[in-house]
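Now for the letters of each chain:
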Protein chains: 2
Amino acid sequence: MKRFKETLQARGLKPTYPRLRILEYLGKHEDHPTVEMIYEGLIRQIPTISKTTIYNTLNAFLEKGIIQAITITGTETRYDLRNLPHHHLLCKRCGKIIDIDIHCPYADQRKIDGHQIEERHGYFKGICRECLKKRGKR
Amino acid sequence: MKRFKETLQARGLKPTYPRLRILEYLGKHEDHPTVEMIYEGLIRQIPTISKTTIYNTLNAFLEKGIIQAITITGTETRYDLRNLPHHHLLCKRCGKIIDIDIHCPYADQRKIDGHQIEERHGYFKGICRECLKKRGKR
DNA sequence: TTTCGTGCAAAGCATTTGCAAGTAG
DNA sequence: CTACTTGCAAATGCTTTGCACGAAA
């Protein structure tokens, strides 16, 4: 909690109650939550919180580089507190987005074909380990 | 044109005029157009075409595996006739999405960490070659 | 006091759906 | 003839914006 406060102050964001709780939520839920999920998770504890505040807050965090946005499904944005580059898997059965830690040889490359590379994103779609166990390979 | 007709028939889609023109458009414009771009490009020649038809058609193509959808910006889906897996670069300055042909060592892997991989997507964000030339490195 | 943050209501967009009329085979 | 396709209008769903009120420095 104290660490989150410092994180915010270090980036010039006031450590308000909603912001701290949103950061905390992201820290506890590493399943790449949507705005909806964050809202549902916090509304019980902070009955006055609005989705607008969650959007505002996440956008502020994004600008300051505190979090990462993930766009895989195209219908909703998901958020990730991890800032180290890593891959993701979207499971077509259960819809979960799972971290994949593989080392990509292009991860450190600053230039490719003359283009300047600033961000690297990689994701897979398929069936996750758990779903494979439950319902067989195909 | 004839090739497109066969493509459609082979997948069980009637080779209607709008579908052929949309396929043709995708063949000519390899810049990963949005629905809006396809619509603007075709409305002159087919004044009655609607965005709904473009959406319907692209979704049908997607289901049949004729085209690929690309989600990078989060605000709009882009479409690609190329079916070979390849990477993309989104230029933060000009907004173009450019093909990147690099060989990824995970491209052929069927399983990672026990998960069954069916699609592989990779993209970068940065500044493209052309924009670098125009306005310098930073 | 002045700036920043919050949150309601409304607006904005991309996309989908309902459905009636048209068309291919 | 029968199923599929088209396209208008309306609905949907995620996200942003306008704006007034409240809190912090």
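Residues numbered from 1 in each chain as written. Chains lettered and ligands numbered in written order. Predicted model: local features only at pLDDT ≥ 70, side-chain atom pairs only at ≥ 80, totals over all residues. Heavy atoms only, no water.

Draft legend 1. Molecular detail of the relation of the copies chain A and chain B. Superposing chain A onto chain B takes a rotation of 180° plus a shift of 0.1 Å along the axis, which leaves an RMSD of 0.1 Å. The superposition of one copy onto the other is thereby described by a two-fold rotation axis. For chain A, the smallest separation between a C-alpha atom and the rotation axis is recorded for A:G122, amounting to 2.1 Å. Taken together, the interface assignments show that 100% of the residues at the interface of chain A recur at the interface of chain B, consistent with an identical surface on both copies. (Least-squares fit on C-alpha atoms with pLDDT ≥ 70 in both. Contact = heavy atoms within 4.5 Å.)

Draft legend 2. Seen up close, the side chain of A:H32. Residues and elements named next belong to chain A. Looking at where H32 falls in the secondary structure, it is placed in the loop between α2 (17–28) and α3 (35–42). Judged by relative accessible area, which is 2%, H32 ranks as buried. Engagement of the side chain of H32 in a polar contact is seen with the side chain of H88, the distance being 3.3 Å. Filtering out sequence-adjacent residues up to four positions away, H32 remains in contact with I70, R78, Y79, D80, H88, I97, I98 and D99. (Helix = DSSP H or I, 4+ residues; strand = E, 2+ residues; numbered from the N terminus. Buried < 20%, exposed > 50% of the residue type's maximum accessible area, 1.4 Å probe, protein only. Polar contact = N/O pair within 3.5 Å; in protein donor to acceptor, adjacent residues only side chain to side chain.)

Draft legend 3. Examining the pattern of salt bridges more closely. Overall, the coordinates contain 12 salt bridges over all chains when judged by the stated rule. When the shortest N-O distance is used, the salt bridge between A:K28 and A:E24 registers 3.6 Å. Separated by four residues within a single helix, A:K28 and A:E24 lie in helix α2, roughly one turn from each other. With relative accessibility at 61%, the residue A:K28 sits in the exposed group. Exposure remark for A:E24: the relative accessible area of 18% places this residue in the buried category. Among the salt bridges present, the one from A:E119 reaches B:K92, with a minimum N-O distance of 3.2 Å. Placement of the pair is A:E119 in strand β6 (residues 115–127) and B:K92 in the loop between β3 (87–91) and β4 (97–100), with the two residues belonging to separate chains. Within this structure, A:R21, A:E24 and A:K28 form a network of salt bridges that share partners. (Salt bridge = Lys/Arg side-chain N within 4 Å of Asp/Glu carboxyl O.)

Draft legend 4. Just the protein's contact with DNA strand D, in detail. Near DNA strand D there are 16 residues, and of these A:Y55, B:T16, B:R19, B:S50 and B:T53 occur at the shortest range. Here the atoms of DNA strand D within 4 Å of the protein split so that 78% fall in sugar or phosphate, with bases taking the remainder. In the model, a phosphate oxygen of DNA strand D is placed 3.1 Å from a nitrogen or oxygen of the A:N59 side chain. A distance of 3.4 Å is found between a base nitrogen of DNA strand D and a side-chain nitrogen or oxygen belonging to B:T52. For the surface near DNA strand D, the secondary structure elements donating two or more residues are α4 (51–63) of chain A together with α2 (17–28) and α4 (51–64) of chain B. Looking at the surface near DNA strand D residue by residue, the classes come out as three nonpolar, 10 polar and three charged. (Near = heavy atom within 4 Å. Nonpolar A, V, L, I, M, F, W, Y, C, P; charged D, E, K, R; others polar.)

Draft legend 5. Structural view of the domain arrangement of chain A. Residues and elements named next belong to chain A. Per the domain assignment, the segments of chain A are domain 1 (2–70) and domain 2 (84–134). Averaged C-alpha coordinates put domain 1 and domain 2 at centres separated by 24 Å. Surface buried jointly by domain 1 and domain 2 totals about 410 Å² across both partners, of which 51% is contributed by carbon and sulfur atoms. Contact with domain 2 buries area across many residues of domain 1, yet H32, Q68 and I70 alone supply 83% of it, more than any other trio. Our count for the domain 1 to domain 2 interface comes out at three residue pairs in polar contact (both at pLDDT 80 or more). Broken down by class, the residue content of the side of domain 1 that touches domain 2 amounts to one nonpolar, two polar and one charged. (Domains from an automatic or database assignment. Buried area = accessible area lost by both parts, 1.4 Å probe.)

Draft legend 6. Focus on the protein's contact with DNA strand C. In the neighbourhood of DNA strand C, 16 residues make up the surrounding shell, with A:T16, A:R19, A:S50, A:T53 and B:Y55 lying closest. Within 4 Å of the protein, the contacting atoms of DNA strand C are 79% sugar and phosphate, with bases supplying the remainder. Take A:T52: an N or O atom from its side chain is 3.5 Å from a base nitrogen of DNA strand C. Residue B:T77 places a side-chain N or O atom 2.9 Å away from a phosphate oxygen belonging to DNA strand C. Residue composition of the surface near DNA strand C, by class: three nonpolar, 10 polar and three charged.

Draft legend 7. Structural context of the interface of chain A and chain B. Taken residue by residue, the interface counts 34 residues in chain A and 34 residues in chain B. Contact between chain A and chain B buries roughly 3300 Å² in total, counting both sides, with carbon and sulfur atoms accounting for 54%. The interface formed by chain A and chain B contains four salt bridges. If you look at where chain A meets chain B, you find 16 residue pairs in polar contact (both at pLDDT 80 or more). Secondary-structure elements contributing two or more residues to the side of chain A that touches chain B are β4 (97–100), β5 (111–112), β6 and α5 (129–135) of chain A. The dominant element in the side of chain A that touches chain B, judged by the number of residues it contributes, is β6(A), at 13 residues.

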